[in-house]
Structures are given as structure tokens and as C-alpha cells.
Amino acid sequence: MVDVTEEEMDNPTFKSDTVLSDVHLHCPNKRRLMVRLNAVGQPVFLSYFKLLWNTEGLASEKCVRESTTEREYQYRSGDELGDKGRKKLRKEKELNSEGVEALLDDDGDLEVVRRPRSASDVEAEDLLRDRVHPVILMKGREDAFEDEQECTCSDIVKIEHTMATPLEDVGKQVWRAAFLLADYILFKRDTFRCCSVLELGGGTGITSIIMGMVAKRVYCTDVGEDLLAMCEQNVVLNKHLMELGRGEVKVKKLDWLKEEFCTDPEALYSWSEEEIADLHEHCTVIMAADVFYDDGLTDALFRTLYRITHNLRNSCTVYLALEKRLNFTLRHMDVTCEAYSHFRNTLNDLENLQDRKIKYTVEPIKADFCQFLIYERIEQLELWKIIAEQLT
Ligand SMILES: C[S@@+](CC[C@H](N)C(=O)[O-])C[C@H]1O[C@@H](n2cnc3c(N)ncnc32)[C@H](O)[C@@H]1O
């Protein structure tokens, strides 16, 4: 670990060529504490994500989805949703549904016409939105939090992550699709009970940790020692959640760009022959969240899926969660989603594959199941299921 000066801790710098996940942007200050700098000098934050077990009774009611966006949750959690609050919320929803208009000016530049800010907006914002800035807690200690009791209870997931990373480090943040997949796991937990699971591109490990609460064994895989160390730290931080269901999460290196598992005993996070055999013998679920943002990586991930499913003893179900990201491109002079189109084409190719060993069947899962985590379930979030059925 690097030596961290007081000044460095107090003045984390965010560069402009970095990306920041909405999950962290909207995470209230109270739940996000800066704890240290990691081995490459990035500020590490510890966030507390609350599991909303009490929404379950309302699972089939449409109101669950509508009532657990972060803003509303904060109204509710403070029991502040009086008449005035309700009116504000309604007004805000009306305004939101008007949306924003995207227009091109004479030169073809994109002009975004934003809805006017009304007085009620500003008031509501003051009431609801925490300003985004880190709270610096303690150097080198990850486990200090104002309310110690919260640390080990069964409805808090603690995740160390960085914020505003360059693209090659996006796995060190938590992405919204990971929450969608986590919600689905908790909603369908009987389906996953006692399963052996493989996660590809697990990042901070949050989805594997949630899966570890119900499954028997989860291999949470990714690349980069730094990231894998952070992921392992998160598994340790949440051990008590997994112990309840006697599940375990093993953090392993799995690079989609390589043909083989890393078995070098000298390498950190490498696989033993027993672990590879265990995976092939028992794995029936593969999952991945927010891993389709680069066409080359999408192809590599599908090649990995193909290879692994062909080596499994049993049929297997693959769950892929993603957020469709829309971009305006000059080339198309329109809003497009190229990474998503490539994903859909590759998914189609997989389904149409003539293969004597495995039949792949693809189906979308409607994202209307109840929410256990607090985030905005935007319509761009999608969940796909692939059944890889062994034919022989
Ligand atoms: C956007 S992040 C998603 C992380 C996490 N699943 C989530 O949703 O919070 C994409 C993940 O894919 C991983 N990844 C990228 N290239 C990879 C490769 N060649 N092999 C394995 N994982 C890779 C990244 O390291 C990163 O963790």
C-alpha cells in the first residue's frame, strides 16, 4: 500500500476524462465514506447499500417499482411524505414525464432544451438530494462507521469502490445493471438456492455477494490484480451475509481474451485444477452485468460463454444485465446505441448457431420484478436469459 499524506486524503482529484456511475452519483453522502487510497493512488470509498426486504410483500404491485426511486425513498424513509411532499413529488413526476427535447442547431450541433427549473423543483431538491462530495472518514481503516450496528446486520451490503475512473478501471465502480441483476437474484432466490454460479466481469463483486447469500458457491471473476483485490476485500466485508445461507464467493481471474483459465500457482487469483473441475461439474448458472460497452470485449465474452458452456457437465442458464446507453453520433446524425446493437446481433448469432452439443435459447426478462436495492430502474435497463441446453 502506498503512503498517503493527509493532504492527498483531503483533496481527492477527479480528472475530466473519467466516467462516474449513476449509482455513486446518487448515493447519499451519509452512505459513502472515503477510506483510503488504493495501490495505484485512487481514492477508495466505502458505500453502504441497503436491502429493502420489506418491499417484498408488494412484489406484484406496480407501485413498488414506482415508489423506490432514490428520491422517493428518502422522502419515505424520513416519514416525511406528508401532503406537501406528495404534491411536490407528483409535480416533479409530471415535469419529468415531459422529458427533454433534443434538437439540432443550424450547424448540426445538438441543442438540449432543458425543462425550466421551477421554484418547487429547487425546494424539492433541497429536501431530497444530497450534494455529491466525499466524506473523509479514516485513513487505512475500512470498518469505521458512525453506526457500528449497521455494519453486520443482514440488510446492509458494504462495498468498497472508487469513483470517476478511466474506462479501463470501470470495474472498480458499481453499475446500475449490477443492481438489476441483484434484484432478480433476490426476487427469484429459490431458483438460485444451492446453485454453483460463475460471474463474468464481476467488478466490485456486489452481484456475486448477493448471489452468495442464496447460492452454494459463486466464482466471481474479472481481470486486474488491483480490481480483484478490491473485490476480495468486499467479499470479506460481507462474509456475514453469505454465512447466513452457507454460501461462499471465490474471487478468480478470468480474462475473456484468453483461451484458458489461469492456473499459474504463482499468480494471484489463479485457479486450482480442483476448482476448474468443480466449476465444470456443478455450475448451472452464469451471470454478467454491464459488460457490453465495447464490441471487441462483447465478442470475447460471447466466445468465453460458448467455450465454458461447452465444457460444463450440465445445462446452464445465463443471465445478462445491461444498460442501453444512448449516444448522439455525427456519423449517424442521430441518437444511436452501437454497443447495444452489437450485443443484440451477437445474441441473435448465438441463438441461430447450428451446434450439435448445445442449443441456445434466448429470452428477455421483463424488468418489472420488485426492487430490493435503491436505484432508478430506468427503462434502458435490460435483463436477458439464455438457456444453454445440453443436447448430448
Ligand atoms: C462496467 S464494469 C461492470 C462491473 C460489474 N459487473 C458491475 O456491473 O458493477 C465491466 C467489467 O468487465 C470487466 N472486463 C473488461 N474486460 C474484461 C476481460 N477481458 N476479461 C474479464 N473481464 C473484463 C471489467 O474489469 C469490469 O469489471
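This is a predicted model, so every value here is computed, not measured.

Tell me about the overall build of the chain, and name the residues and values.
Check the secondary structure of the chain and you find 14 helices and 15 strands. For the chain, with 392 residues in total, the buried portion stands at 48%. For the chain, the accessible area works out to roughly 20,100 Å², and carbon and sulfur atoms hold 48% of it.

Any details on helix 13 (residues 295–311)? Residues and values, ideally.
In this model, helix 13 (17 residues) spans 25 Å end to end at C-alpha, consistent with the 24 Å of a helix rising 1.5 Å per residue. If you check which residues of helix 13 are buried, you get Thr298, Ala300, Leu301, Phe302, Thr304, Leu305, Ile308, Thr309 and His310. For helix 13, the elements touching its buried residues are strand 7 (196–199), strand 10 (283–289), strand 11 (316–323), helix 14 (338–351), strand 14 (358–365) and strand 15 (381–390). Put simply, Asp294 is the residue that caps the front of helix 13, since its side-chain oxygen is 3.0 Å from the backbone nitrogen of Gly296.

Which residues make up the confidence of the model for the chain, and what values go with them?
Averaged over every residue, the pLDDT of the chain is 78; residues scoring 70 or more account for 70%. Counted against residues more than four places away or in other chains, residues 57–105, with its pLDDT under 50, gives 81 contacts. Note that residues 110–149 has pLDDT below 50 and, in this model, 91 contacts with residues that lie over four places away or in other chains.

Requested: an account of helix 12 (residues 273–282), with residues and values cited.
It helps to recall that an α-helix has 3.6 residues per turn; residues three or four apart then point in one direction. Along helix 12, the residues classified as buried are Glu275, Ile276, Asp278, Leu279 and His280. Looking at the buried positions of helix 12, the neighbouring elements they touch are strand 7, strand 8 (217–222), strand 9 (248–253), strand 10 and helix 13.

I'd like to hear about the site of the ligand, residue by residue, with values.
Around the ligand lies a shell of 21 residues, among which Trp175, Gly201, Asp222, Asp255 and Ala289 are the nearest. Measuring from an oxygen atom of the ligand, one finds a backbone N or O atom of Trp175 at 3.0 Å. The separation between a nitrogen atom of the ligand and a polar side-chain atom of Asp255 is 2.9 Å. Its free accessible area being 590 Å², the ligand has 94% of it covered by the protein chains. Here the ligand occupies the second largest pocket. Its residues assigned to classes, the shell around the ligand comprises 13 nonpolar, five polar and three charged.

Summarise the environment of Val335; cite the residues concerned and give the values.
Along the polypeptide, Val335 turns up in strand 13 (residues 334–336). By relative accessible area, Val335 is classed as partly exposed at 43%. With near-sequence residues (within four places) excluded, Val335 lies in contact with Leu326, Asn327 and Phe328.

With reference to specific residues and values, describe the packing of aromatic side chains.
If you walk through the whole model with that rule in mind, you get 16 aromatic pairs. Between the aromatic rings of Trp53 and Phe372, the centroid separation amounts to 5.6 Å while the plane-to-plane angle is 70°, which identifies the pairing as edge-to-face. Remark: Phe372 occurs in the loop between strand 14 and strand 15 and Trp53 occurs in the loop between strand 2 (43–50) and helix 3 (62–67); sequence separation between them is 319 residues. Ring plane angle 45° and centroid distance 5.6 Å describe the contact between Tyr184 and Tyr319, whose orientation is recorded as tilted. Remark: Tyr319 occurs in strand 11 and Tyr184 occurs in helix 7 (residues 176–187); sequence separation between them is 135 residues.

Tell me about the nonpolar core, and please be specific about residues and values.
Formed by 51 residues in total, the largest nonpolar core has its most connected members in Phe49, Val157 and Met211. Discounting residues that sit within four places of it in the chain, Phe49 has contacts with Val23, His24, Cys27, Asp155, Ile156, Val157, Ile159, Val174, Phe179, Ile206 and Leu373. Judged by nonpolar contacts, the second largest core, of 35 residues, contains Leu198, Ile276, Phe302 and Cys337.

With reference to specific residues and values, describe the layout of surface pockets.
Roughly 970 Å³ of volume is contained in the second largest pocket. Along the walls of the second largest pocket sit 48 residues, with Leu167, Val170, Asp290, Val291 and Tyr293 positioned nearest its centre. The set of elements that each furnish at least two residues to the lining of the second largest pocket consists of helix 9 (206–212), helix 10 (225–237), helix 13, strand 11, strand 12 (327–329) and helix 14. Here the lining of the second largest pocket is built from residues that sort into 22 nonpolar, eleven polar and 15 charged.

What counts and what doesn't
- Counting of residues starts from 1 at the beginning of each chain's written sequence and follows it residue by residue.
- Only residues with pLDDT of at least 70 get local features here, since the model is predicted, and only at 80 or more are side-chain atom pairs given and counted; chain-wide, interface and lining totals rely on the full set of residues.
- With hydrogens and water set aside, each side-chain value is computed from the structure's full complement of heavy atoms.
- Secondary structure counts use DSSP, requiring at least four H or I residues in a row for a helix and at least two E residues in a row for a strand, with both numbered from the N terminus.
- Burial classes follow relative accessibility: with a 1.4 Å probe on protein chains only, a residue under 20% of its type's maximum area counts as buried, one over 50% as exposed, and anything between as partly exposed.
- Only the protein chains shown count as cover for residues, with accessible areas throughout obtained via the Shrake-Rupley method and a probe of 1.4 Å.
- In this scheme, a helix's expected span is set at 1.5 Å multiplied by one less than its residue total.
- The contact definition used throughout considers only heavy atoms, calling two residues in contact when any of these lie within 4.5 Å.
- Here a polar contact is taken to be a pair of N or O atoms separated by no more than 3.5 Å, where protein atoms must pair a possible hydrogen donor with a possible acceptor and residues adjacent in sequence count only if both atoms sit in side chains.
- Known as pLDDT, the predictor's per-residue confidence is scaled from 0 to 100.
- Only heavy atoms are used to decide nearness, and a residue is near a molecule or strand if one of them lies within 4 Å of it.
- Buried and open spaces are told apart on a 1 Å grid over the protein atoms alone, a cavity being a set of points where a 1.4 Å probe fits but cannot get out and a pocket being an open set with protein on both sides within 12 Å along at least five of seven lines. Residues with an atom within 4 Å of a point are the lining residues.
- In this scheme, a molecule is assigned to a cavity or pocket if more than half of its atoms are within 2 Å of the grid points.
- Each residue is assigned to one of three groups, with Ala, Val, Leu, Ile, Met, Phe, Trp, Tyr, Cys and Pro labelled nonpolar, Asp, Glu, Lys and Arg labelled charged, and all others, Gly among them, labelled polar.
- Each aromatic pair joins two rings of Phe, Tyr and Trp (for Trp, the six-membered one) with centres within 6.5 Å, and gets the label stacked for planes under 30 degrees apart, edge-to-face for over 60, and tilted for any other angle.
- By nonpolar core is meant a set of buried Ala, Val, Leu, Ile, Met, Phe, Trp, Tyr and Cys residues that side-chain atoms within 4.5 Å join together.
- Grid points are joined across faces, edges and corners, and a volume is the space filled by probe spheres set on the points.

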